[in-house]
Amino acid sequence: MRQDLAEISDSEYDSSTSLIIIKDLIYRHQKIITLSENIENLFSYIALMQLLWNTLVICCTGFVIIITVSTDVGITTLFKSVSFYIAITLEAFIFCFAGEFLSAKSKSIGDAVYESLWYNMSPTDSRVLLFVMLRSQKRLTITAGKVVDLTLEGFTSIMKASASYVSVLNAMY
């Protein structure tokens, strides 16, 4: 979609062909929004359960790593625990990265419309692009249970919560 917006800007302005391209872009933008809403409805609660489970497993595995290091049980147990910790953390990161990627791409559509040569178009055509720009200001997100946005900031909060729980478990041990 960004490429097509750039092509409108780069080409010589022709009202009839540009309007057809703009209508196609609006149709595709609406399909992207609908797909994002469908993904949100389908995976929201699955992602919530997955992130809660990942937080709990990261916490417990971090505690096992601390116990393994302090008791000098063995290098193989430490290696297994650390690799499991990395795998679970990577899984949580992938979920959050996908949400961040979707948010960034939805924002970039509005930026592409703004960077196009909309000011060289007729007022009626530029108004149509204005609606695309207005709609793209509401960023598309994937949430976990409609509670937490799956972004890199959400990943940071998951890791902070896990570290806090590990600290509490270590203090109780």
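Note on numbering: residues in each chain are counted from 1, in written sequence order. With pLDDT at 70 or above as the cut-off, local features in this predicted model cover only qualifying residues; side-chain atom pairs require 80 or more to be listed or tallied, and sums for whole chains, interfaces and linings still use all residues. Hydrogens and water are ignored here; the side-chain numbers use all heavy atoms of the structure.

A. The arrangement of the side chain of Asn54 in detail. Each helix is a run of DSSP H or I of at least 4 residues and each strand a run of E of at least 2, with the numbering of both proceeding from the N terminus. Structurally, Asn54 is set in helix α2 (residues 15–71). Ignoring anything within four residues of it in the chain, the contact list for Asn54 reads Ile88, Glu91 and Ala92. Residues are treated as being in contact if the distance between any of their heavy atoms lies within 4.5 Å.

B. Structural view of the layout of surface pockets. Empty space within the largest pocket amounts to approximately 200 Å³. What lines the largest pocket is a set of 13 residues, and nearest its centre among them are Ile32, Leu102, Lys105, Ser106 and Ile109. At the level of secondary structure, the elements contributing two or more residues to the lining of the largest pocket comprise α2 and α3 (75–115). When residues in the lining of the largest pocket are grouped by element, the largest group, five residues, is from α3. Across the lining of the largest pocket, the residue classes tally to eight nonpolar, three polar and two charged. Here a cavity means grid points, on a 1 Å grid over the protein atoms only, where a 1.4 Å probe fits yet cannot get out; a pocket means an open set of points with protein on both sides within 12 Å along at least five of seven lines; lining residues are those with an atom within 4 Å of a point. Grid points are joined across faces, edges and corners, and a volume is the space filled by probe spheres set on the points. Only Asp, Glu, Lys and Arg are considered charged, only Ala, Val, Leu, Ile, Met, Phe, Trp, Tyr, Cys and Pro nonpolar, and every remaining residue, Gly among them, polar.

C. Representation of the side chain of Ser36. With respect to the element layout, Ser36 can be found in helix α2. Discounting chain neighbours no more than four positions away, the residues touching Ser36 are Leu102, Leu140 and Thr141.

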